[in-house]
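Given next are the chains, with one letter for each unit.
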Amino acid sequence: MATARAADGTEISYRVFGAADGEPLVLIMGLGADRWGWVRQWPALRRRFRLVALDNRGSGASGVPAGPYDLEVMAADVIAVMDAEGIGSAHVMGASLGGVLAQIVAIRHPARVRSLVLACTASRMKSWRRALFTEWIEIALTEGSRALAQENIRWVVAARHLRRLWPISPVVAPLIIRAPVPGVVAQLQALVDAPEAVGGYLGEIAVPTFVIVGSQDILTPVADSEELAEAIPDARLEVISSAAHGFMVMRAGRYNDAVGGFYDEILGSAAAAKP
């Protein structure tokens, strides 16, 4: 485990592992989660890539500075990690909040991104989602992170899985949101305070982009991914059936196959283009 120092002095924790000679792939997890949110992707990715899995500020082993946070600052944290590892450019995969940060990285630092995977994410902060996140802030502040995690699980897990998991949700839910209350509240506030067009300038993204979403995602519904795929030139969209927002875990095999197919295509094309 290593740390990078952000511009404001916050320490951003990350882990590098996988194929030492592989192309770098930066993994950015979502709200309140840390690098362990990708654990079911690691075996499928580590054989091919040099993985850089980071904890966003406010979660995991990273620093928890006073909030609210700013999405632009959180995206700059990703660049700080890349700089600390001497990575000029990398493939970037982001989920949910991490997908928003990945969009910002690709727009603000186009030379640093080789490809994008945008999972269960959106480019616009719609009014209903802003209101929902405001409610979550209130839950976290008044009832604590465990109560927020149990509310969050309703939005992350597909209905058919929720029925099975609900009896043990007090145990399962805290594994989804692992950040302390100040950290998750500060992350939520960054989303609430974001402009309506969170990504912006998506038409300028010129790297291979794969947009992936679950058909039963109610937090970032399919329409959000359709907007992304339409706005980013030549982006591909895949909808995973019977999957919800947490499909990296609940439908990991299907997710890994879809993402693996995307990397087969773009890395195969890159290899064929070499003299």
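Residues numbered from 1 in each chain as written. Predicted model: local features only at pLDDT ≥ 70, side-chain atom pairs only at ≥ 80, totals over all residues. Heavy atoms only, no water.

Draft legend 1. Quick peek at the packing of helix α4 (residues 127–143) against helix α5 (residues 145–156). Taken N-terminus to C-terminus, the directions of α4 and α5 make an angle of 150°; their axes are 8 Å apart at the nearest point. It follows from the interaxial angle that α4 and α5 lie roughly antiparallel. Taken together, the residues of α5 that come into contact with α4 (itself represented by W128, L132, W136, I139, A140 and E143) are A147, L148, E151, N152 and W155. A class-by-class count of the residues in the contact of α4 with α5 yields eight nonpolar, one polar and two charged. (Axes fitted to C-alpha atoms, helices over the stretch in contact; angles between N-to-C directions. Helix = DSSP H or I, 4+ residues; strand = E, 2+ residues; numbered from the N terminus. Parallel < 35°, antiparallel > 145°, perpendicular 65-115°, else oblique. Contact = heavy atoms within 4.5 Å. Nonpolar A, V, L, I, M, F, W, Y, C, P; charged D, E, K, R; others polar.)

Draft legend 2. Representation of the packing of aromatic side chains in the model. Overall, the coordinates contain nine aromatic pairs when judged by the stated rule. Where W128 meets W155, the ring centres are 6.3 Å apart and the plane angle is 20°; that geometry is what we call stacked. Of this pair, W128 sits in helix α4 while W155 sits in helix α5, placing them 27 residues apart in sequence. In this structure W128 comes out as partly exposed when scored by relative accessible area, which is 34%. Through pairs of rings, three or more aromatic residues link up here, namely F49, F210, F262 and Y263. (Phe/Tyr/Trp six-rings, centres within 6.5 Å; stacked < 30°, edge-to-face > 60°. Buried < 20%, exposed > 50% of the residue type's maximum accessible area, 1.4 Å probe, protein only.)

Draft legend 3. The sheet that holds strand β8 (residues 236–240), seen in detail. Ordered by their spatial adjacency, eight strands build an open sheet running β1-β2-β4-β3-β5-β6-β7-β8, and the pairing between neighbours is mixed. Where the open sheet ends on each side, the last strands, each with one partner, are β1 (2–5) and β8. Geometrically, the sheet is characterised by an average inter-axis angle of 25° between neighbouring strands, direction not taken into account. Here strand β3 (residues 23–28) runs beside strand β5 (residues 90–95); their pairing, made up of four bridges, is parallel. Its bridge partner being in β5, I28 is matched across the sheet by G94. Helix α9 (residues 222–231) rests against β6 (113–119), β7 (209–214) and β8 of the sheet, and its axis sits at about 170° to β7. (Pairing = 2+ DSSP bridges.)

Structural measurements only, silent on function.
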